[in-house]
There are 2 protein chains.
Amino acid sequence: MDGGTKARGRRPGGEDTRGAVLAAARAEFAARGYQRASMRAIARGAGVDAALLHHYFGTKDRLFMAALEFPLDPRAVAENVFAGDPATVGERVAGFVVGMWERPEVRERLLALVRTAATSEEVAALMRGFMVAELVGRVASRLEVAEPELRVEMAMSQIIGLAMARYVIAVEPLASAPPEAVVPLLGRALQGCLTG
Amino acid sequence: MDGGTKARGRRPGGEDTRGAVLAAARAEFAARGYQRASMRAIARGAGVDAALLHHYFGTKDRLFMAALEFPLDPRAVAENVFAGDPATVGERVAGFVVGMWERPEVRERLLALVRTAATSEEVAALMRGFMVAELVGRVASRLEVAEPELRVEMAMSQIIGLAMARYVIAVEPLASAPPEAVVPLLGRALQGCLTG
């Protein structure tokens, strides 16, 4: 799954080429946003062959995750977490989200991303473009409700709000509440706006 | 209700004194946080009599709102919006919050506060202290549920998340959706975590 690790071990160019590709990817994503960024332009920017880039880094979403050290795979979230009974999707998503944030190495990376996005409109737009392209549409198509995209974005906003309050700003008693207390509350809130 | 306006018209010291009081209040709130800030220290900082300060600016929450141009009165929210049938509190709160953000002059001020809080840990802590002291406890005591404070904070985090997504980051289609589409979704989410 991790194109970065694969590239590290097997690419002939080694670390230098990998570093050049990730730098070129960051520059292209920053300049054109997620949806308009092109793998061809990234290959050109790094001075590598486009076919090789695809071979070692996979699809654009994989390269994005490697370049920005983005710790969640939205495709896997759509396929594993949102799949299953729609009547309990809120609790599944809540459990997944809180579970990820409780892992120290993931939390550290997410905090860095949130802080960067909070202070840079460009980074916020880039993250938004990535999530909309790779998560919102996939998830919305699974919900059999009116205005699914609006609902999915409302749910994402609730998740971001919880993350800000519990992990970034650390409001008490929310910050110290055990995950078992937070997950059902967030789950009901998500369920309410996803399928309510 | 607005101690600032009252002070402007009737205080003997006029604008200079009012300005000195608000500056002293901002300094004291910034230095000691909302709950530990003292009206006596603010009066001393502004060189005015403590009894006069109370007379013209009212209670500490009024002075805070005047000093930070805070456009929502949490006490009124607790008494008017959270009062009434708990089974429909989510929709009432959602309607109130979205209604406030839709008013251009309120939105402008809220955006400025959110942006400042997002980039300054001190300001975020100050806002948090104010909301916890003046809103969370009052509202929590009205909800006949387990862990009311945790629920109220979860609800606040959802409101902040919505405000960030719809008004600050402006994710589409959420940013352009009419209030009538957003209020029921937010209402169900809030209801789910407040009383669900």
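Residues numbered from 1 in each chain as written. Chains lettered and ligands numbered in written order. Predicted model: local features only at pLDDT ≥ 70, side-chain atom pairs only at ≥ 80, totals over all residues. Heavy atoms only, no water.

Student: When you look at the overall build of chain A in this model, what are you seeing that I'm missing?
Tutor: From N to C terminus, chain A includes 11 helices and zero strands. When its helices and strands are written in sequence order, chain A yields α-α-α-α-α-α-α-α-α-α-α. A compact globule built from 196 residues would reach a C-alpha radius of gyration of about 16 Å, and chain A, at 18 Å, matches this within 12%. Principal axes of the C-alpha set define a box for chain A whose edges measure 50 × 35 × 30 Å. Residues counted as buried form 51% of the 196 residues belonging to chain A. For chain A, contacts bridging at least 24 residues in sequence account for 64% of all contacts bridging at least 6. (Helix = DSSP H or I, 4+ residues; strand = E, 2+ residues; numbered from the N terminus. Rg over C-alpha atoms; globule rule 2.2 N^0.38 Å. Buried < 20%, exposed > 50% of the residue type's maximum accessible area, 1.4 Å probe, protein only. Contact = heavy atoms within 4.5 Å.)

Student: How do you make sense of the side chain of Glu28(B) when you look at a structure like this?
Tutor: Residue and element names in this part refer to chain B. Counting through the fold element by element, glutamate 28 comes out in helix α2 (residues 14-36). On the basis of relative accessibility, which here comes to 10%, the residue glutamate 28 falls in the buried class. When residues no more than four places from it in sequence are discounted, the contact partners of glutamate 28 are Gly33, Arg36, Ala37, Ser38, Ala41 and Ile42.

Student: Please explain the confidence of the model for chain A as it appears in this structure.
Tutor: The predicted coordinates ought not to be read in detail in places where the model reports low pLDDT. Residue and element names in this part refer to chain A. On average, residues of chain A carry a pLDDT of 86, and 92% of them reach 70 or more. Least confident of the elements in chain A is helix α1 (residues 3-10), whose mean pLDDT is 44; most confident is helix α3 (residues 39-46), at 95. Contacts for the low-pLDDT stretch residues 1-11, under 50 throughout, to residues beyond four places or in other chains number 24 contacts. (pLDDT = per-residue confidence, 0-100.)

Student: Even after reading the chapter, I still don't get the interface of chain A and chain B, so can you show me in this structure?
Tutor: How big an interface is tends to be reported as the loss of accessible area on association of its parts. Of the residues lining the interface, 30 residues belong to chain A; the matching set on chain B comes to 30 residues. The junction of chain A with chain B conceals about 2,800 Å² of combined surface from both sides, 73% of it contributed by carbon and sulfur atoms. Applying the counting criterion to the chain A and chain B interface returns zero salt bridges. Linking chain A with chain B are six residue pairs in polar contact (both at pLDDT 80 or more), by the criterion used here. Elements with a minimum of two residues in the side of chain A that touches chain B: α8 (104-119), α9 (121-140), α10 (148-168) and α11 (179-194) of chain A. The element best represented in the side of chain A that touches chain B is α10(A), accounting for 10 residues. Of the residues contributing to the side of chain A that touches chain B, the split by class is 17 nonpolar, six polar and seven charged. (Buried area = accessible area lost by both parts, 1.4 Å probe. Salt bridge = Lys/Arg side-chain N within 4 Å of Asp/Glu carboxyl O. Polar contact = N/O pair within 3.5 Å; in protein donor to acceptor, adjacent residues only side chain to side chain. Nonpolar A, V, L, I, M, F, W, Y, C, P; charged D, E, K, R; others polar.)

Student: Got a minute to help me understand the packing of α11(A) against helix α10 (residues 148-168) of chain B in this structure?
Tutor: Two quantities define a packed helix pair, namely the angle between the helix axes and the distance between the axes. Interaxial distance between α11(A) and α10(B) falls to 11 Å at its minimum, and their mutual angle equals 50 degrees. It follows from the interaxial angle that α11(A) and α10(B) lie oblique. Taken as a pair, α11(A) and α10(B) cross one another with a handedness that is right-handed. Between α11(A) and α10(B), the contacting residues are Ala181(A), Val182(A), Leu185(A), Leu186(A), Arg188(A) and Ala189(A) on the first element and Leu150(B), Arg151(B), Met154(B) and Gln158(B) on the second. Taken together, the residues of the contact of α11(A) with α10(B) break down into seven nonpolar, one polar and two charged. (Axes fitted to C-alpha atoms, helices over the stretch in contact; angles between N-to-C directions. Parallel < 35°, antiparallel > 145°, perpendicular 65-115°, else oblique. Left-handed = near helix turned anticlockwise from the far one by under 90°.)

Student: Would you take a moment to explain the relation of the copies chain A and chain B for this structure?
Tutor: Each of the two chain copies goes to the other by way of a rotation about an axis and a shift along it. Mapping chain A onto chain B calls for a rotation angle of 180 degrees and an axial translation of 0.0 Å; the resulting RMSD is 0.0 Å. Both chain copies can therefore be described as sitting about a two-fold axis. Both copies share a contact surface, since 100% of the interface residues of chain A are interface residues in chain B too. (Least-squares fit on C-alpha atoms with pLDDT ≥ 70 in both.)

Student: Even after reading the chapter, I still don't get α11(A), so can you show me in this structure?
Tutor: Two residues of an α-helix separated by three or four positions point the same way, owing to the 3.6 residues in each turn. Here α11(A) is 16 residues long and its end C-alpha atoms lie 21 Å apart, about the 22 Å a rise of 1.5 Å per residue gives. Among the 16 residues of α11(A), 12 are classified as buried, and the element is accordingly described as predominantly covered. Buried residues of α11(A): Ala181(A), Val182(A), Val183(A), Leu185(A), Leu186(A), Gly187(A), Ala189(A), Leu190(A), Gln191(A), Gly192(A), Cys193(A) and Leu194(A), and no others. Residues of α11(A) that are buried make contact with α7 (89-102) and α10 of chain A together with α10 and α11 (179-194) of chain B. (Expected span 1.5 Å × (residues − 1).)

Student: Any chance you could explain the pattern of salt bridges here in plain terms?
Tutor: Close approach of charged atoms allows side chains of opposite charge to pair. Inspection of the entire model under this criterion finds 16 salt bridges over all chains. For Arg32(A), the salt bridge identified is with Glu28(A), shortest N-O distance 3.2 Å. Here the residue Arg32(A) and the residue Glu28(A) both occupy positions in helix α2 (residues 14-36), the gap between them amounting to four residues, near one helical turn. Owing to a relative accessible area of 37%, Arg32(A) belongs among the partly exposed residues under this scheme. For Arg75(B), the salt bridge identified is with Glu134(B), shortest N-O distance 3.9 Å. Of this pair, Arg75(B) sits in helix α6 (residues 74-81) while Glu134(B) sits in helix α9 (residues 121-140), placing them 59 residues apart in sequence. When salt bridges with common partners are traced through the structure, they connect Asp61(A), Arg75(A), Glu134(A) and Arg138(A) into a single cluster.

Student: In this structure, what is going on with α7(A)? I would like to understand it.
Tutor: Residues and elements named next belong to chain A. Compared with the 20 Å implied by 1.5 Å per residue over 14 residues, the 20 Å span of α7 between its first and last C-alpha is a close match. Among the residues of α7, Val89, Gly90, Val93, Ala94, Val97, Val98, Met100 and Trp101 are the ones counted as buried. Along the axis of α7, the buried positions cluster into a sector of 155 degrees, meaning they face one direction only. On the buried face of α7, the contacting elements are α6 (74-81), α8, α10 and α11. (Arc of directions from axis to C-beta.)

Student: When you look at the packing of aromatic side chains in this model, what are you seeing that I'm missing?
Tutor: Where two aromatic rings form a pair, the distance of their centres and the angle of their planes describe that pair. Under the defined criterion, the tally for this structure stands at 16 aromatic pairs over all chains. Ring geometry for Tyr34(B) and Phe64(B): centres 5.2 Å apart, planes at 80 degrees, overall edge-to-face. In this pair, Tyr34(B) sits in helix α2 while Phe64(B) sits in helix α5 (residues 60-67), placing the two residues 30 residues apart along the sequence. Under the relative-accessibility criterion, Tyr34(B) is labelled buried at 3%. Seen from their ring centres, Phe64(B) and Phe130(B) are 4.0 Å apart, and the 25 degrees between their planes marks the pair as stacked. Here Phe64(B) is found in helix α5, whereas its partner Phe130(B) is found in helix α9, with 66 residues between them in sequence. As far as the burial class goes, Phe64(B) and Phe130(B) line up, both buried. An aromatic cluster is defined as three or more aromatic residues linked by ring pairs; in this entry it consists of Phe29(A), Tyr34(A), Phe64(A), Phe70(A) and Phe130(A). Here the basic side chain of Lys60(A) rests over the ring of Tyr34(A), its NZ or CZ set 5.0 Å away from the ring centre. (Phe/Tyr/Trp six-rings, centres within 6.5 Å; stacked < 30°, edge-to-face > 60°. Lys NZ or Arg CZ within 6 Å of the ring centre and 35° of its normal.)

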